[in-house]
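# Working through the structure, step by step
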Amino acid sequence: MASRSQNRPPRSPSAKKEGIPLDKRRKIGVAIGRSGFGPDRKPLSSLTARKQDDPTSSDMASTEGANTIDFTKESVDALLSEKLKMKKFDHKGNLELVSDLNSRLKLCIKWFQKRDAEHLDEEAKLRSALENSQKALADTEAEMEIKDEKLSASIAQLKEENVSLQSRLAKEESEKLDAIDCHKREKEGRISAESLNASLSQELEKAQQEIAAANHRAASLDDMYKRLQEYNLSLQQYNNKLHSELEAARDSLKRVEKETSTIVENLSTLRGHYNTLQKELTLSRNSQDEAVNQKESLVNEVKCLRGELQQVRDDRDRQVSEVQVLTAEIVKYKQSTGKSIAELDQLMTKTKSLEETCSSQREQIRLLEHQLTAANEKLKMANLSSSEIKTEFEEQKKALSELQEHLVDKEHQLIEGEKLRKKLHNTILELKGNIRVFCRVRPLLPDDGAVTEAPIISYPTSTEALGRGIDLVQSGQKYAFTFDKVFSHDASQQAIFVEISQLVQSALDGYKVCIFAYGQTGSGKTYTMMGRPEAQEQKGLIPRSLEQIFQSSQALMAQGWKYKMQASMLEIYNETIRDLLSANKSSGTTDNGVPGKQYTIKHDANGNTHVTDLTIIDVSTIDEISSLLRQAAQSRSVGRTQMNEQSSRSHFVFTLRISGVNEGTEQQVQGVLNLIDLAGSERLSKSLSTGDRLKETQAINKSLSSLADVIFALAKKEDHVPFRNSKLTYLLLPCLGGDSKTLMFVNISPDPCSISESLCSLRFAARVNACEIGIPQRQLTLKPADSRLSYG
């Protein structure tokens, strides 16, 4: 009987289910449908307890040690669905059948216990390996941050040295330019001195020509003296004839002697003038040999003239008898001598003026020569200093080129380090999960309900759940949840932003990033996302993220990156899209019921989302973004409910499109940052909404319910995900079902009156945390020439 039951083939699944009682089916489902983890291991533990009470367990242990049997689902189903063919009066055979079935069931139970232990061991090993990998990644990230700081410090020092060298080089270039200008001025002065010297030489030549003309006039006077001498000879001959008439003419001769004495005095004055002229001419002709010779010949001729005049006076003593004739001749002689004296005076004045001009020009020439020598000395010094400056400039230029090469190497190392940082950064985020969930508990407010003795929210202190776990107590029952990060009520805005700053950086690296806040009305979603932008410490995630984006883009400009950013803001109100930046606020239907502008959501093949006719504004500074955020906040739909004085009645979506180009590496990135403040969920029984508020609440709850359906479908990996059930889920399609990095903030209120809503929010967040979406892809392109390159 026992051998026949052991060799019996397993029945088909349909046959298995037909004859099995309901309570046995439940036991079978519990034993097979669970993998052995957590609270679902209770049936196995109960079977183990039964096994220990069974006296035949020792016999089965020997059988198990002898034969190791592997069970499958079909064999277990066949074993559980096996029917024993009992005979009515064969108690021994029936007992054998039952004992055989019990032994096989015990073997099956032992096999399940063994598998359970193996699964637990594997889970412990996996957890330890995950912790080790996280520690190694944290150490690697710390080392990279230290290297990054060292590199930035060395680059800053090199930039400062480069700036100082450039300032020094500019100073030396300015000094060199001053020296060149001084040299040019000195050269111009030398040229002007040379031109002045040439003009002086020309004037000297003119003076020499005038002296030559004076010499010519002196020669004509010599000719006249010769003629006078000839005439005196004729007078002597005539005097011999008139000697007899001498006595009669003595009176007239005395007068003539007086006149001759005056003439002699004039001649003496002439001699004095000639002497001074000779001295002046000798002084002026010392530098010019030709002029001196001409002056000496003129002096000799004057001496001859003096001798001739003396001879004329002696002859006149003998020519007393011919005085009447001589008087007429003397008158003529006076006239001629007066003209010659006037000419001599004019000549003397001209020579004096020429000598004065020559002396002044000599002084000017001496001064100019002195200035020229000083300028030459200065020029030599300037040439020496310029040569020294030039050599020093060449050395500094060489050092600057070396520094520039070193800087290029450091920049290349920095680029490689940045690539490695991005790769490690994205690896860490992928290990953490590309859809992550953070939980934040807001502090108690004065308007909240009365505080009970035992708080409804607590935080576990175990090593595994520290900072990641949250416990909620409802009606004495404790519910434990674990997320990627849990922030208590005393967490600051800065501490929260530090946790998501790496995720925001991914948008600048070319990824699609989505951060949205979920929770009931009044749980602090808008404070988490927007905060109070006018207070630095209370700024929310949106203004802090945008500040980081602009600061990082400015820092990456040193590596050759140039970014273009476009912002758009919309709200989904009653399943209708509203453009918060449009000048014309009409969308859907106006207050009068007239249809307004309709907006359509479209997705392209690259996973990019576009809303038709939506206002997109180019932004370049944080101030422009801040003004747009203020404009959107004024246009957003808010209202008062029983649960919140100023409740957001729409889903707010801020989108920043980032386009980056690196001219050095010719890379292009396309990133998107979506920051979403969802409307708060609330129960109609608590909000007591009526009229428009009722319609708004129904639309909000419907869209959030559609979001839950999408998340659950993704968690179950169903073929069809109902993204089109609401505008919100269809807008978030690339973030939830695509290749983006998504973070959800679930906001919790510690108010005891909101405990049921908080529990629903935590359960929904736990389902979201269990989802697995596609691996995030970076939107990076290369130019055709560099398409063979890979990027980490």
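What you are looking at is a predicted structure, and each value in this text was computed from that prediction instead of being measured. (Residues numbered from 1 in each chain as written. Predicted model: local features only at pLDDT ≥ 70, side-chain atom pairs only at ≥ 80, totals over all residues. Heavy atoms only, no water.)

All right, on to the overall build of the protein then. Counting its secondary structure elements, the protein contains 19 helices and 17 strands. Within the span of the protein, comprising 792 residues, buried residues form 38% of the whole. Once local pairs closer than 6 in sequence are excluded, the contacts in the protein between residues at least 24 apart make up 73%. Accessible surface, the protein as shown: approximately 45,600 Å² in total, 53% of it carbon and sulfur. (Helix = DSSP H or I, 4+ residues; strand = E, 2+ residues; numbered from the N terminus. Buried < 20%, exposed > 50% of the residue type's maximum accessible area, 1.4 Å probe, protein only. Contact = heavy atoms within 4.5 Å. Areas by Shrake-Rupley, 256 points an atom, 1.4 Å probe, with all protein chains shown as cover.)

Turning our attention to the UniProt feature "binding site: ATP" (unreviewed entry) in the protein. The UniProt record annotates "binding site: ATP" (unreviewed entry) at Gly519, Gln520, Thr521, Gly522, Ser523, Gly524, Lys525 and Thr526. With respect to the element layout, Gly519 can be found in strand E6 (residues 512–519). Residue classification places Gly519 among the buried positions, given a relative accessible area of 0%. When neighbours within four sequence positions are excluded, Gly519 is seen to be in contact with Lys525, Ala679, Gly680, Ser681, Asn747 and Ser761. Tracing the backbone through its elements, the reader meets Thr526 in helix H12 (residues 525–529). With a relative accessible area of 33%, Thr526 lands in the partly exposed category. (UniProt positions renumbered as here; feature names shortened; annotations may be inferred.)

A separate point is unusual backbone geometry. Even without being a glycine, Ser475 presents a positive backbone phi close to 55°. Following the sequence through the fold, Ser475 ends up in the loop between strand E3 (469–474) and strand E4 (477–482). In the Ramachandran plot, Asp613 falls in the positive-phi region, its phi being about 65° despite a non-glycine side chain. Counting through the fold element by element, Asp613 comes out in the loop between strand E10 (609–611) and strand E11 (617–619).

This part covers the pairing of strand E14 (residues 651–662). In terms of residue burial, E14 counts as a mostly covered element, since 10 of its 12 residues are buried. Bridge count for strand E7 (residues 561–573) against E14 is 12 bridges, and the pairing is antiparallel. Across the sheet, Tyr563 pairs through a bridge with Gly660, a residue of E14. Alignment of E14 against strand E15 (residues 667–677), held across 11 bridges, turns out to be antiparallel. (Pairing = 2+ DSSP bridges.)

If you walk through the whole model with that rule in mind, you get eight cavities of 30 Å³ or more. As a volume, the largest cavity reaches approximately 170 Å³. As for the largest cavity, its lining consists of 16 residues, of which Ala218, Leu221, Tyr274, Leu298 and Leu344 are closest to the centre. Of all the secondary-structure elements, those providing two or more residues to the lining of the largest cavity are helix H7 (91–241), helix H8 (250–284), helix H9 (289–318) and helix H10 (323–432). (1 Å grid on protein atoms, 1.4 Å probe; cavity = no way out; pocket = protein on both sides within 12 Å on 5 of 7 lines; lining within 4 Å. Points joined across faces, edges and corners; volume = space filled by probe spheres on them.)

Let us now look at helix H19 (residues 755–769). Counted at 1.5 Å a residue, the expected span for H19 with its 15 residues is 21 Å, and the 21 Å between its end C-alpha atoms agrees. Buried within H19 are the following residues: Ile755, Ser756, Glu757, Ser758, Leu759, Ser761, Leu762, Phe764, Ala765 and Val768. (Expected span 1.5 Å × (residues − 1).)

Moving on: the pattern of salt bridges. Following the criterion strictly, the structure yields eight salt bridges and no others. With a closest N to O distance of 3.5 Å, Arg104 and Asp100 form a salt bridge. Placement of both Arg104 and Asp100 in helix H7 is noted, with a separation of four residues, approximately one turn of the helix. For Asp100, a relative accessible area of 8% gives the class buried. Arg366 is the partner of Glu363 in a salt bridge, and the nearest nitrogen-oxygen pair spans 2.7 Å. With Glu363 and Arg366 both in helix H10 and three residues apart, the pair spans about one turn of that helix. (Salt bridge = Lys/Arg side-chain N within 4 Å of Asp/Glu carboxyl O.)

The three strands lie next to each other as E2-E3-E4, forming an open sheet whose pairing is antiparallel. Looking at which strands have only one partner, the edges of the open sheet turn out to be strand E2 (457–458) and E4. Sheet topology note: the E3/E4 ladder contains six bridges and is antiparallel. Along E4, the bridge assignment pairs Gly469 with Thr482. Where H19 meets the sheet, it contacts E3 and E4, and its direction lies at approximately 145° from that of E3. (Axes fitted to C-alpha atoms, helices over the stretch in contact; angles between N-to-C directions.)

This brings us to the side chain of Asn662. Structurally, Asn662 is set in strand E14. By relative accessible area, Asn662 is classed as buried at 3%. Beyond its immediate chain neighbours, meaning those up to four positions away, Asn662 contacts Gln559, Gly560, Trp561 and Gln667.

Further remarks concern the packing of helix H13 (residues 541–556) against helix H14 (residues 622–635). At a minimum axis distance of 10 Å, the contact between H13 and H14 shows a crossing angle of 160°. When the axes of H13 and H14 are compared, the pair comes out roughly antiparallel. At the point where H13 passes H14, the crossing takes the right-handed sense. Side by side, H13 and H14 meet where Ile542, Pro543, Leu546, Glu547 and Phe550 of the first sit next to Ile622, Ile625 and Leu629 of the second. Looking at the contact of H13 with H14 residue by residue, the classes come out as seven nonpolar, no polar and one charged. (Parallel < 35°, antiparallel > 145°, perpendicular 65-115°, else oblique. Left-handed = near helix turned anticlockwise from the far one by under 90°. Nonpolar A, V, L, I, M, F, W, Y, C, P; charged D, E, K, R; others polar.)

Both the distance between ring centres and the angle between the ring planes are used here to describe each pair of aromatic rings. Under the defined criterion, the tally for this structure stands at eight aromatic pairs. Ring centres of Phe438 and Phe487 lie 5.9 Å apart, and the angle between their planes is 70°; this geometry places the pair in the edge-to-face category. A residue pair is termed long-range when its members are at least 10 positions apart, and Phe438 in strand E1 (residues 435–441) and Phe487 in strand E5 (residues 485–487) qualify at 49 residues. For the pair Phe438 and Phe487, one class covers both residues: buried. Note on Phe712 and Phe764: the rings are 6.3 Å apart at their centroids and 70° apart in plane angle, and the pair reads as edge-to-face. With Phe712 in helix H16 (residues 692–716) and Phe764 in helix H19, the pair connects residues that are 52 residues apart, well separated along the chain. Look at Phe712 and you get partly exposed, because its relative accessible area is 25%. Grouped by ring-pair contacts, the aromatic residues Phe438, Phe487 and Phe745 constitute a single cluster. Across the ring face of Tyr511, the terminal group of Lys741 is positioned such that the distance to the ring centre comes to 4.1 Å. Just above the ring of Tyr479 sits the side chain of Arg763; from NZ or CZ to the centre is 5.3 Å. (Phe/Tyr/Trp six-rings, centres within 6.5 Å; stacked < 30°, edge-to-face > 60°. Lys NZ or Arg CZ within 6 Å of the ring centre and 35° of its normal.)

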